Amino acid sequence: ILNFNKSDDTLILFLKDLIKQAGAICIKEQSLLKPADVKFKNKKDLVTITDKRVEDFIVKKIRTKYPSHDVLGEETGKTNFSSDYLWIIDPIDGTTSFFHQQPFYSVSIALQYKGQTICGAVYAPRLDELFYADKDKGAFLNDCPINVSKTDRLINCVMATGFACLRANLKKNNLEYFNKIVPRLRDIRRYGSAAIDLCYVACGRLDGFWEMNLNIYDIAAGVFIVEQAGGKICDFKGELNFPEQGIVATNKYIQNNLLENFK
Ligand code: IPD
Ligand code: CA
Ligand code: CA
Ligand code: CA
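To start, this report covers the structure provided alongside it. (Residues numbered from 1 in each chain as written. Chains lettered and ligands numbered in written order. Predicted model: local features only at pLDDT ≥ 70, side-chain atom pairs only at ≥ 80, totals over all residues. Heavy atoms only, no water.)

1. Section: the coordination of the calcium ion (ligand 2)
Bound to the calcium ion (ligand 2) are the protein donor atoms Asp45 (OD) and Glu74 (OE), situated 2.2 to 2.5 Å from the metal. In this model, the calcium ion (ligand 2) sits 5.0 Å from the calcium ion (ligand 3). With Asp45 in strand 2 (residues 45–48) and Glu74 in the loop between strand 3 (70–73) and strand 4 (77–78), the pair connects residues that are 29 residues apart, well separated along the chain. As far as the burial class goes, Asp45 and Glu74 line up, both buried. (Donors = N, O, S within 2.8 Å, 3.2 Å for Na, K, Ca; no water. Helix = DSSP H or I, 4+ residues; strand = E, 2+ residues; numbered from the N terminus. Buried < 20%, exposed > 50% of the residue type's maximum accessible area, 1.4 Å probe, protein only.)

2. Quick notes on the sheet that holds strand 9 (residues 139–141)
In space, the eight strands of this open sheet follow the order 4-3-5-6-7-8-9-10, with mixed pairing throughout. At either margin of the open sheet sits one strand with a lone partner, and together these are strand 4 and strand 10 (144–146). Two elements, strand 7 (residues 116–124) and strand 8 (residues 129–134), share six bridges in a ladder whose sense is antiparallel. What sits directly across from Cys119, in strand 8, is Asp134. Against the sheet, helix 2 (residues 49–65) contacts strand 3, strand 4, strand 5 (85–93) and strand 6 (106–113), and its axis sits at roughly 155 degrees relative to strand 5. Where helix 5 (residues 194–202) meets the sheet, it contacts strand 5, strand 6, strand 7, strand 8 and strand 10, and its direction lies at approximately 105 degrees from that of strand 7. (Pairing = 2+ DSSP bridges. Contact = heavy atoms within 4.5 Å. Axes fitted to C-alpha atoms, helices over the stretch in contact; angles between N-to-C directions.)

3. Points about helix 2
In an α-helix, one full turn covers 3.6 residues, which means residues spaced three or four apart are oriented alike. For helix 2, with 17 residues, the first-to-last C-alpha span of 25 Å sits near the 24 Å given by 1.5 Å per residue. Within helix 2 the residues assigned to the buried category are Thr50, Asp51, Val54, Glu55, Ile58, Val59 and Ile62. End-on, the buried residues of helix 2 take up no more than an arc of 165 degrees, which puts them together on one face. Away from its buried face by more than 90 degrees, helix 2 exposes Lys60 and Thr64. The N-cap residue of helix 2 is Thr48: its side-chain oxygen and the backbone nitrogen of Thr50 are 3.1 Å apart. (Expected span 1.5 Å × (residues − 1). Arc of directions from axis to C-beta. Polar contact = N/O pair within 3.5 Å; in protein donor to acceptor, adjacent residues only side chain to side chain.)

4. Details of the nonpolar core
Inside soluble globular proteins, nonpolar side chains tend to come together where they are buried. Within the largest apolar cluster, 41 residues are counted, with the highest numbers of intra-cluster contacts made by Phe131, Ile146, Leu198, Phe209, Ile225, Ile233 and Ile247. For this core, the secondary-structure elements that each account for two or more residues are strand 5, strand 7, strand 8, strand 9, strand 11 (158–161), helix 5, helix 6 (216–228) and strand 15 (247–250). Summarising the domain contributions, this core has at least three residues from each of domain 1 (10–146) and domain 2 (154–262). Contact partners of Leu198, with chain neighbours within four places excluded, come to Phe209, Ile219, Gly222, Val223, Val226, Ile233, Ile247 and Ala249. With 33 residues, the next largest nonpolar core counts Phe14, Val54, Ile62 and Tyr132 among its residues. (Core = buried A, V, L, I, M, F, W, Y, C linked by side-chain atoms within 4.5 Å. Domains from an automatic or database assignment.)

This is the structure:
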């Protein structure tokens, strides 16, 4: 197995180039989508032909460059090798936005070494915004350093959330938290891509994000980028058992104020 220097620049350069190529496929195919190009995994979780094509493209490129690595993709699942390296891929995060010809969707790719993320990237092709982070080297948007906001009062915060939970028959869902939290904020956003939501927290466009019932491929890269940008990540109890229990991403000033609302 090739030895990788975990802070090896070739990894992040490969990742940045790969995610941009994947984004170009999304741009090319979005306007060509036909009703027959979409399937329903459950009543609200769409998957288009492009989701699958983009994931196949990404997996092929990774397999060629790093044949011994494991891969986990939303649409094709996980290879069962026993590598220390695992690539976690969401080929299109925000498929509903993508299918509805909207711009807020992204490609999200993270690489873990022995279960710890060492680099991650989220690319929003229609916005041409590439968020990425490399272990202990900070987080970037189109190669400019980014940091979380310094807002320290909920009433001055703009936050985002999502409603994946409504796809599952959970006994509790986000609507009760939503109704409790939103009146305490300046405003709320629902962009449609958890990966973009997390990156907007990382660059300070959002002061916080929370959502229930996300999967590892939704959040692996975005969580890493938030942490590398100085943000705080936890579940609704302030621990790290997400994503099942839900995920909270904020700056350090408002994390406890926000968590109060999940008690
Ligand atoms: C979805 C997006 C959305 C979130 C959903 C996710 P997908 O990802 O991240 O913002 O609310 O829960 O499933 O399914 O489009 O890859
Ligand atoms: Ca999905
Ligand atoms: Ca997703
Ligand atoms: Ca997806």
